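# A closer look at the structure
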Amino acid sequence: MVIEPVVILRDVWKIYRDPKVGETIALKGVNLVVNRGEIMAIHGPSGSGKSTLLKLIAGLLRPDRGDVIVDGYNISMLDEEGLAMIRNTVVGYIPQDYGLVEDLNVYENVEIPLLIAGVPKKIREEKVSEILEYIGLKNMASKPARFLSGGEKQRVAIARAMVNTPSVILADEPTANLDWDSSMRALEMLKSLNRDFKTTVIIVSHDPRVIDYADRAVIMVSGVLKSYKESRV
Ligand SMILES: Nc1ncnc2c1ncn2[C@@H]1O[C@H](COP(=O)(O)OP(=O)(O)OP(=O)(O)O)[C@@H](O)[C@H]1O
Ligand SMILES: [Mg+2]
C-alpha cells in the first residue's frame, strides 16, 4: 500500500486572546502527519489542546503560526469561502455535543451538508437514504433530533459527517456521553467507515478503549504532542 499523508501539521501554534483572561497558548509548535486510510487517536488530559487541534484540521480555526495542510489544501492560505469548502466537503466534523438541529428530523439533519453544497434534490435523497441505511437509522428518518437518545444522536452526527464522502472524519470525544454499548457501537461505526470507504479517521478522546480502535495514537500534554504509540500495525 502506498503511504500518502492526508493531514500535515508543521510547527502549529494557536493562541486564544481574551480581554479578560489574557492569552492562552493552546498549541505550542505541533507537528503531526496522518496518512490516508489511517485511524489516529489523539489522547491527553483536559485542556491540553486536543479539540483546538481538531478544529484547526476542520477549518474552524486558523493557526497563529505554522501550516495545517488537509488533503493538499493549506488552511492558513484559504479565504472564508475556501474554509467553508473544506468544512463542507473535505472533512466531516463530529462535535462532542453532536451539533444537531434539534427541531429538524434525522433525514433533514443529515441533508444539511448536501444543501450547503448545492446538491440537486434527487441526488440528496439518494445520498441521505444510502448513508441512513448504512448507519442503521433509516427507520428513524422522520424522527425529530430532540427525541433521539445520545447514541442515536451520535450516529446521526456520524451520518451527517459522512454524507459528502469527505477525505477525513474528525470525531471529538465520540464516546464521552455514551454508555458502554453505545460507545462501542460508535467506535465500530467509525471503524467500518474507515474500512468500507477508506476514510481517514481522527479521534480525540480521553477514553483508553479508543486506542484499541486506532492504528496509531499520539498523546497531547499542555499543547505539545509528547509521544507516539503504535497500537495496531
Ligand atoms: N475560545 C477559547 N478562548 C479562550 N481559551 C480557549 C478557547 N478554547 C479553548 N481555550 C483554552 O485552550 C486550552 C486548550 O483547550 P481545548 O479545548 O483544545 O482542550 P481539550 O484538550 O480539548 O480539553 P477537554 O479534554 O477538556 O475537551 C485550554 O486551556 C482552554 O481553556
Ligand atoms: Mg476537548
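These figures come from a predicted structure and were not determined experimentally.

This paragraph deals with the overall build of the chain. A count of helical and extended segments in the chain gives 7 helices and 10 strands. For 233 residues, the compact-globule estimate of 2.2 N^0.38 gives 17 Å, and the C-alpha radius of gyration of the chain, at 17 Å, lies within 12% of that figure. The C-alpha extent of the chain, read off along each of the three principal axes, is 45 × 45 × 40 Å. A buried classification covers 52% of the 233 residues belonging to the chain. At a minimum sequence separation of 6, the contacts of the chain that also span at least 24 residues come to 68%.

We now examine the pairing of strand S9 (residues 216–221). Within S9, 5 of the 6 residues are buried, which leaves the element mostly enclosed by the surrounding structure. Of the strand pairs in this sheet, strand S3 (residues 39–43) and S9 are connected by 4 bridges, and their pairing is parallel. For His-43, the partnering residue across the bridge sits in S9 and is Ile-219.

Strands sit in the order S2-S1-S4-S5 across an open sheet of 4 strands; the sheet is antiparallel. Of all strands in the sheet, those bounded by a partner on one side alone are strand S2 (22–35) and strand S5 (73–74). The strands touched by helix H1 (residues 50–57) within the sheet are strand S1 (5–18), S2 and strand S4 (65–70), with S1 carrying the most contacts at an inclination of about 120 degrees.

All right, on to the environment of Met-40 then. Take Met-40: it is sitting in strand S3. Taking relative accessible area as the criterion, Met-40 reaches 0% and is therefore assigned buried. In this structure the C-alpha to C-alpha distance between Met-40 and Val-204, which are 164 residues apart in sequence, comes to 8.6 Å. Discounting chain neighbours no more than four positions away, the residues touching Met-40 are Leu-32, Val-33, Val-34, Val-201, Ile-202, Ile-203, Ala-214, Arg-216, Ala-217 and Val-218.

What surrounds ligand 1 is a group of 13 residues, the closest being Ser-46, Gly-47, Lys-50, Ser-51 and Thr-52. The separation between an oxygen atom of ligand 1 and a polar main-chain atom of Ser-48 is 3.1 Å. Here ligand 1 has 640 Å² of accessible area as a free molecule, and 63% of this is covered by the chains. Sorting the residues of the shell around ligand 1 by element identifies S2 and H1 as the ones contributing at least two each. A total of 3 residues in the shell around ligand 1 trace back to one element, the largest contributor, which is H1. Residue classes in the shell around ligand 1 are distributed as 3 nonpolar, 8 polar and 2 charged.

In contact at an axis separation of 10 Å, helix H4 (residues 121–135) and helix H5 (residues 150–162) are set at 140 degrees when each is read in the N-to-C sense. Relative to H5, the element H4 lies oblique. The way H4 lies across H5 gives a crossing that is right-handed. Contact residues: H4 offers Ile-131, Leu-132 and Ile-135, while H5 offers Arg-155, Ile-158, Ala-159 and Met-162. Looking at side-chain class alone, the contact of H4 with H5 contains 6 nonpolar, no polar and 1 charged residues.

What follows concerns the packing of helix H3 (residues 106–116) against H5. Across the interface, H3 lies against H5 with an axial gap of 7 Å and an inter-helix angle of 30 degrees. By the criterion of interaxial angle, the relationship of H3 to H5 is roughly parallel. Here H3 and H5 pass one another in a crossing that is right-handed. Across the interface between the two elements, Val-106, Asn-109, Val-110 and Pro-113 of H3 pack against Val-156, Ala-159 and Arg-160 of H5.

Another point: unusual backbone geometry. Non-glycine residue Asp-71 carries a positive phi angle of around 50 degrees. Within the fold, Asp-71 resides in the loop between S4 and S5. With a phi angle near 40 degrees, Thr-165 is a residue other than glycine that sits in the positive phi range. Here Thr-165 lies in the loop between H5 and strand S7 (168–172).

Cut-offs used in this document
- Residues numbered from 1 in each chain as written.
- Chains lettered and ligands numbered in written order.
- Predicted model: local features only at pLDDT ≥ 70, side-chain atom pairs only at ≥ 80, totals over all residues.
- Heavy atoms only, no water.
- Helix = DSSP H or I, 4+ residues; strand = E, 2+ residues; numbered from the N terminus.
- Rg over C-alpha atoms; globule rule 2.2 N^0.38 Å.
- Buried < 20%, exposed > 50% of the residue type's maximum accessible area, 1.4 Å probe, protein only.
- Contact = heavy atoms within 4.5 Å.
- Pairing = 2+ DSSP bridges.
- Axes fitted to C-alpha atoms, helices over the stretch in contact; angles between N-to-C directions.
- Near = heavy atom within 4 Å.
- Polar contact = N/O pair within 3.5 Å; in protein donor to acceptor, adjacent residues only side chain to side chain.
- Areas by Shrake-Rupley, 256 points an atom, 1.4 Å probe, with all protein chains shown as cover.
- Nonpolar A, V, L, I, M, F, W, Y, C, P; charged D, E, K, R; others polar.
- Parallel < 35°, antiparallel > 145°, perpendicular 65-115°, else oblique.
- Left-handed = near helix turned anticlockwise from the far one by under 90°.

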